There are 2 protein chains.
Amino acid sequence: MSDVTRVALDAMGGDNAPGEIVRGAVMAVQQRKDIEILLTGRENVLKEELLKYTYPKDQIRIVGASEVIETAEPPVKAIRGKKDSSIVVAMKMVKDDEADAFVSAGSTGAVLVGGQVLVGRIKGVERPPLAPLLPTLKGVSLLIDCGANVDARPSHLVQFAKMGSIYMESVMGKKNPTVGIVNIGAEEEKGNALVKETFPLLKACKDINFVGSVEAREIPYGNVDVIVCEAFVGNVILKLYEGVGGALLKKVKQGMMTSLRSKIGALLVKPALKATMKDFDASEHGGAPLLGLKGLVVKTHGSSKAKEVCNSILQCVTFKEQNINEKIKAAIQKEQDSCEKREQSEVK
Amino acid sequence: MSDVTRVALDAMGGDNAPGEIVRGAVMAVQQRKDIEILLTGRENVLKEELLKYTYPKDQIRIVGASEVIETAEPPVKAIRGKKDSSIVVAMKMVKDDEADAFVSAGSTGAVLVGGQVLVGRIKGVERPPLAPLLPTLKGVSLLIDCGANVDARPSHLVQFAKMGSIYMESVMGKKNPTVGIVNIGAEEEKGNALVKETFPLLKACKDINFVGSVEAREIPYGNVDVIVCEAFVGNVILKLYEGVGGALLKKVKQGMMTSLRSKIGALLVKPALKATMKDFDASEHGGAPLLGLKGLVVKTHGSSKAKEVCNSILQCVTFKEQNINEKIKAAIQKEQDSCEKREQSEVK
């Protein structure tokens, strides 16, 4: 295996494309020698953007793609129809092993569909989950799944728990990460049908450090490392996190502007506050990986700026160095072997 | 109908019972002449508590109940087994029309079960939803349902939308309140099976001001008045709201304490900040009504202090004055009439 991580980067996706995406690529190659970036998008536009910077030329290469998939487009149709889009061209490079990873700030739907259709799932993985990192008071937790495939089955959630544990341990360096399932109470008998069916399966799973139910209230305090839920609930959690955070900070700022006294105070607290709040900013923690695919696919926030793009690229290096996909393959294989054994012993 | 609102108050439920509950009752009768409070709980304990205050004696009456239902008890068993508990005694008074409303800071499960079993549903109401008010940047929104009955059907959600609209219009004074369904995207084709089935039903419903999907991110900004979802999702939203809010404020406080400069600033901003943040505190907005029952049942937060208890009691007065239950009855009746008509025309 080569020591260089080759990242296909969708230069046309996201609110700040292509400017911030290209700048993010430049930041990444300025930081590390062992990255090669394959920028996909309109060649002349990207050439012009790159002219703005000084950087090691051999680490960034433009791969022409004439089309762009817009956020509002129906994902399946877009992936099928726009063969020469920056997303499709980049994902095909991952599939053909011309790139190790793919990073995009573009349409989440297109990235999810493209990941499954173009890159393809690891054998045995039933459904690839999208797993963003949530900032907490103790660092970060992995929220798995926030993807587009809702109405999951218990067996999906068990695989999410395993893949999430591998990611937190290998990429985030969390030893023996704790796993919880999102529930509406701490007791085992609580929950909806899905949670009640999944709970005993997770409890019986020896490969993970399952700690039981986690109520949504507890998530921001960071006591659980891997937070398992189906995608509808995950999506609500991810977006509400962002919404409450944003609204509350707006409120705090308003509160500070209500009197002369508080305005002076605000000037004094501002620098310290800004530094602390940075820890609670999801964009500081890189993009969300789509796990269980044959190559790494990372979705960064649509509003990502250069720094987040750069962080997402650097994340790909750790992912490759740690052989995450080999570890996932092994875990899924183990699961299937034990299923076969069970079935065989049942037949006997 | 009498002009006095009779409120049965569970004096033994919640983290701060009976002290804060009794104090809340006293605060309420000091504010309004047209309330009568029936305090249920251990007679000698409550007598002693009441001795601490000066208040209009004829407005508070103790109704003895020797047992207490603890939060951890299985609700159905507790409601059946503890006939002389403060919750069961109070709810029976509502059933027997000796009280108009019931307020409790005790076991949510017991209140939900008791509401259905003892007070009983309005004819035609399929499932009574628990509907707390969420603080937003524009005031409050009603989150319906956060109860204990998960895995709802589309017809339940349609009734929630109707009952929630009546509550927001009549009790909260919001004219023609907007109704949204919690979803993972703005488009009609997005969502899980439940949301996809419910969406067209809400769209076709002429009695409500349906505005489509609402993403969790939007909730804290307060652009939708009635937020419809099934109870598992509602519970996650309610608890995460609380969790993110609490964690973020802790972070803000930490941030202000990092340097001498910011500490001085913190002293200056504190009073203004405290006043602004009060608006974003759920407890300021009274308890959550359990809608669709023959009498009003209000669940206040387990950690409620006197002020929240008092607010919940005052809420009952508006509820009675506005004839909410008559309005709900009429709306459900209308629904059933139109169903019958549809069935008849289909037969023809």
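Definitions and limits used
- Residues numbered from 1 in each chain as written.
- Chains lettered and ligands numbered in written order.
- Predicted model: local features only at pLDDT ≥ 70, side-chain atom pairs only at ≥ 80, totals over all residues.
- Heavy atoms only, no water.
- Helix = DSSP H or I, 4+ residues; strand = E, 2+ residues; numbered from the N terminus.
- Expected span 1.5 Å × (residues − 1).
- Bend = angle between axes of the 7 residues up to and from the residue.
- Buried < 20%, exposed > 50% of the residue type's maximum accessible area, 1.4 Å probe, protein only.
- Polar contact = N/O pair within 3.5 Å; in protein donor to acceptor, adjacent residues only side chain to side chain.
- Contact = heavy atoms within 4.5 Å.
- Buried area = accessible area lost by both parts, 1.4 Å probe.
- Salt bridge = Lys/Arg side-chain N within 4 Å of Asp/Glu carboxyl O.
- Least-squares fit on C-alpha atoms with pLDDT ≥ 70 in both.
- Pairing = 2+ DSSP bridges.
- Axes fitted to C-alpha atoms, helices over the stretch in contact; angles between N-to-C directions.
- Parallel < 35°, antiparallel > 145°, perpendicular 65-115°, else oblique.
- Left-handed = near helix turned anticlockwise from the far one by under 90°.
- Nonpolar A, V, L, I, M, F, W, Y, C, P; charged D, E, K, R; others polar.
- Phe/Tyr/Trp six-rings, centres within 6.5 Å; stacked < 30°, edge-to-face > 60°.
- Lys NZ or Arg CZ within 6 Å of the ring centre and 35° of its normal.

This paragraph deals with unusual backbone geometry. All names here are of chain A. Following Ala17, the chain continues to Pro18 via a peptide bond in cis, the omega torsion being -5 degrees. Inspection of the secondary structure puts Pro18 in the loop between β1 (5–10) and α1 (19–31). In this structure, Asp97 takes a positive phi of about 60 degrees despite not being glycine.

Residues and elements named next belong to chain B. Given a rise of 1.5 Å per residue, 19 residues ought to cover 27 Å, and the 27 Å separating the end C-alpha atoms of helix α9 (residues 260–278) matches this to within 8%. Taken as a whole, α9 carries its principal kink of about 50 degrees at Val269; the proline Pro271 stands between one and four residues after it. Where α9 is concerned, the buried positions are Ser262, Gly265, Ala266, Val269, Ala272, Leu273, Thr276 and Met277.

So, on to the side chain of B:Lys239. With respect to the element layout, B:Lys239 can be found in helix α8 (residues 231–256). Separated by 3.1 Å, the side chain of B:Lys239 and the backbone oxygen of A:Ile184 make a polar contact. Within the structure, B:Lys239 has its side chain in polar contact with the side chain of B:Asn235 (distance 2.9 Å). Discounting residues that sit within four places of it in the chain, B:Lys239 has contacts with A:Ile184, A:Glu215, A:Ala216 and A:Arg217.

Each partner contributes to the interface: chain B provides 53 residues, whereas chain A provides 53 residues. Taking both partners together, chain B and chain A bury about 5,000 Å²; carbon and sulfur atoms supply 76% of that area. Ranking the residues of chain B by area buried against chain A places B:Ile184, B:Phe232 and B:Lys251 at the top, with a combined share of 14%. Where chain B meets chain A, there are four salt bridges. One salt bridge connects B:Glu215 with A:Lys239, and the closest N-O pair in it is separated by 2.4 Å. One can count 14 residue pairs in polar contact (both at pLDDT 80 or more) joining chain B with chain A. Listed by contribution, the elements that provide at least two residues to the side of chain B that touches chain A are β7 (178–183), α7 (193–204), α8 and α9 of chain B.

Each copy superposes on the other: chain B lies on chain A with an RMSD of 0.1 Å after a rotation of 180 degrees and an axial shift of 0.1 Å. Accordingly, the operation relating the two chain copies is best matched by a two-fold axis. Among all residues of chain B, the minimum C-alpha distance to the rotation axis is found for B:Gly265, at 1.9 Å. Mapped onto chain A, 100% of the interface residues of chain B again fall at the interface, so both copies present the same surface.

Moving on: the pairing of strand β6 (residues 139–144) of chain B. Residues and elements named next belong to chain B. Counting buried positions along β6 gives five out of six residues, so the element sits mostly inside the fold. Examined bridge by bridge, strand β5 (residues 133–136) and β6 share four bridges and lie antiparallel to one another. For Leu134, the partnering residue across the bridge sits in β6 and is Ser141. The hairpin formed by β5 and β6 contains two residues between the paired strands. Here three bridges tie β6 to strand β9 (residues 226–228), and the two strands are oriented parallel to one another. If you follow Leu142 over to β9, its bridge partner there is Val226.

All names here are of chain A. Read across the open sheet, the five strands follow the order β5-β6-β9-β7-β8; overall the sheet is mixed. The sheet is open, and its two edges are formed by β5 (133–136) and β8 (209–215), each paired on a single side. The sheet shows a mean angle of 30 degrees between the axes of neighbouring strands, direction not considered.

The next subject is the pattern of salt bridges. Tallied over the entire structure, the rule returns 34 salt bridges over all chains. Residue B:Glu49 is joined to B:Lys52 by a salt bridge in which the shortest nitrogen-to-oxygen separation is 3.1 Å.

Before going further, it helps to spend a moment on the packing of α1(A) against helix α10 (residues 306–321) of chain A. All names here are of chain A. Viewed as axis vectors pointing N to C, α1 and α10 meet at an angle of 50 degrees, and their least axial separation amounts to 7 Å. Classified by the interaxial angle, the pair formed by α1 and α10 is oblique. The chirality of how α1 crosses α10 is right-handed. On α10, the residues that touch Glu20, Ile21, Arg23, Gly24, Ala25, Met27, Ala28 and Gln31 of α1 are Ala306, Lys307, Val309, Cys310, Ile313 and Leu314. Across the contact of α1 with α10, the residue classes tally to nine nonpolar, two polar and three charged.

Moving on, we come to the sheet that holds strand β10 (residues 288–290) of chain B. Residues and elements named next belong to chain B. Read from one edge to the other, the open sheet built from six strands follows the order β3-β2-β1-β4-β11-β10, with strand pairing classed as mixed. In this open sheet, the two edge strands, each paired with only one partner strand, are β3 (60–64) and β10. Direction aside, neighbouring strands of the sheet carry axes that sit 25 degrees apart on average.

Now for the packing of aromatic side chains. If you walk through the whole model with that rule in mind, you get four aromatic pairs over all chains. Pairing B:Tyr167 with B:Phe319 gives two aromatic rings, centres 6.1 Å apart and planes at 45 degrees, and the pair type is tilted. Pair noted here: B:Tyr167 is in helix α6 (residues 154–170) and B:Phe319 is in helix α10 (residues 306–321), with a separation of 152 residues, a long-range link. Classification of B:Tyr167 as buried rests on a relative accessible area of 1%. Taking the relative accessible area as the measure of exposure, B:Phe319 reaches 6% and is therefore buried. For A:Lys57, the ring lying beneath its charged end belongs to A:Tyr55, and the centroid distance is 4.1 Å.

Residues and elements named next belong to chain B. As for its position among the elements, Leu314 is in helix α10. The buried category is assigned to Leu314, whose relative accessible area is 19%. Sequence separation between Leu314 and Ala25 is 289 residues; the distance between their C-alpha atoms is 9.9 Å. What Leu314 contacts, discounting residues up to four positions off in sequence, is Gln31, Arg32 and Ile35.

A word on the environment of A:Pro128. Residues and elements named next belong to chain A. You can see Pro128 is positioned in the loop between α5 (108–119) and β5. With a relative accessible area of 3%, Pro128 lands in the buried category. Leaving out residues up to four positions away in the same chain, Pro128 has contacts with Gln116, Arg121, Leu290, Leu291 and Leu293.

Across the interface, helix α8 (residues 231–256) of chain A lies against α9(B) with an axial gap of 8 Å and an inter-helix angle of 135 degrees. When the axes of α8(A) and α9(B) are compared, the pair comes out oblique. When the axes of α8(A) and α9(B) are compared, the crossing they make is right-handed. Mapping the contact onto sequence places A:Leu248, A:Lys251, A:Val252, A:Gly255 and A:Met256 in α8(A) and B:Val269, B:Ala272, B:Leu273, B:Thr276 and B:Met277 in α9(B). Of the residues contributing to the contact of α8(A) with α9(B), the split by class is seven nonpolar, two polar and one charged.

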